Amino acid sequence: MAAARLSGGCGGGGGENRLVSLPLSRIRVIMKSSPEVSSINQDALFLTAKATELFVQYLATYSYKHGRGKEKRALSYSDLSHTAEESETFQFLADILPKKILASKYLKMLEREKRDGEMEEDDDDDQEEESEEEDAES
């Protein structure tokens, strides 16, 4: 209960003195969505919230410093996606923060992949026919 009191999680109004900014109730819901979790200790909830805040802060700061944010004096989505793609530390976020592409480029990519897939199938069919002919000749 001490963590909830410290974080302002139990009743107490004003948000200025809170030690965590993220809503503990939402974090609890996310944690409980895991089938392995049956109950959540208040201290564990508080520490998870605080660790999440520190992680997001570090990601934002790193992205700002290593992206174009300094030039524009603003952090953009492209800075975050660039960080996820280029930094080994944040590589695990690459699927969550993909680079933005235009819909037309995406459709062209899909078409190319579809054509490449069909060509591979044709090559596989040709190889199977050749091996069947070789087997028949033997």
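A few points on the structure. No experiment lies behind these values; they were computed from the predicted model shown.

## Some words on the overall build of the chain
Logical step 1: Along its length, the chain carries 6 helices and 0 strands.
Logical step 2: Helices and strands in the chain line up, N terminus first, as α-α-α-α-α-α.
Logical step 3: Taking all contacts inside the chain whose residues are at least 6 apart in sequence as the whole, residues at least 24 apart take part in 32%.
Logical step 4: A total accessible area of about 10900 Å² is found for the chain, and carbon and sulfur atoms account for 52% of it.

## Remarks on the side chain of glutamate 53
Logical step 1: By secondary structure assignment, the location of glutamate 53 is in helix H3 (residues 42-66).
Logical step 2: When near neighbours in sequence (up to four residues on either side) are disregarded, glutamate 53 contacts Leu19, Val20, Ser21 and Leu22.

## Description of the packing of aromatic side chains
Logical step 1: Taken as a whole and judged by the stated rule, the model has 5 aromatic pairs.
Logical step 2: A ring pair is formed by phenylalanine 55 and phenylalanine 90, whose centres lie 6.0 Å apart and whose planes are at 55°; its orientation type is tilted. With phenylalanine 55 in helix H3 and phenylalanine 90 in the loop between helix H5 (77-86) and helix H6 (103-137), this residue pair connects regions lying 35 residues apart in the sequence.
Logical step 3: With relative accessibility at 31%, the residue phenylalanine 55 sits in the partly exposed group.
Logical step 4: Taking 5.6 Å as the distance between ring centres and 35° as the angle between the ring planes, the aromatic pair formed by tyrosine 58 and phenylalanine 90 counts as tilted. Of the two residues, tyrosine 58 sits in helix H3 while phenylalanine 90 sits in the loop between H5 and H6, which places them 32 residues apart along the sequence.
Logical step 5: Residue phenylalanine 90 is classed as buried on the basis of its relative accessible area of 1%.
Logical step 6: The ring of tyrosine 77 has lysine 100 lying over it, and the distance from NZ or CZ to the ring centre is 5.0 Å.

## Considering the environment of leucine 80
Logical step 1: Relative to the elements of secondary structure, leucine 80 occurs in helix H5.
Logical step 2: Along the sequence, leucine 80 and glycine 69 sit 11 residues apart, while their C-alpha atoms lie 9.8 Å from each other.
Logical step 3: Every residue in contact with leucine 80, bar those within four places of it in the chain, is listed here: Leu59, Ser63, Leu75 and Leu97.

## Some remarks on H5
Logical step 1: Among the residues making up H5, those that are buried are Asp79, Leu80, Ser81, Thr83 and Ala84.
Logical step 2: Buried residues belonging to H5 abut H3 and helix H4 (69-72).

Conventions and cut-offs
- Numbers given to residues run from 1 along each chain, matching the order in which its sequence is written.
- Local features in a predicted model are, by the rule used here, given only for residues with pLDDT of at least 70; side-chain atom pairs are given and counted only at 80 or more, and totals for whole chains, interfaces and linings are based on all residues.
- Excluding hydrogens and water, the side-chain values take into account all heavy atoms of the structure.
- Segments assigned H or I by DSSP are reported as helices when at least four residues long, segments assigned E as strands when at least two residues long, and all are numbered from the N terminus.
- Note on contacts: a residue pair qualifies if any of its non-hydrogen atoms lie within 4.5 Å across the two residues.
- Methods summary: accessible areas were calculated by the Shrake-Rupley approach with a probe of 1.4 Å, and residue burial reflects only the protein chains presented.
- Only centres within 6.5 Å qualify two rings of Phe, Tyr or Trp (six-membered ring in Trp) as a pair; their planes then separate them into stacked at under 30 degrees, edge-to-face at over 60, and tilted for everything else.
- The buried label applies to any residue whose accessible area, calculated with a 1.4 Å probe on protein chains only, is under 20% of its type's maximum; exposed applies above 50%, and partly exposed to all values in between.
- Consider the ring centre and the ring normal. A charge sits over the ring if Lys NZ or Arg CZ is within 6 Å of that centre and within 35 degrees of that normal.

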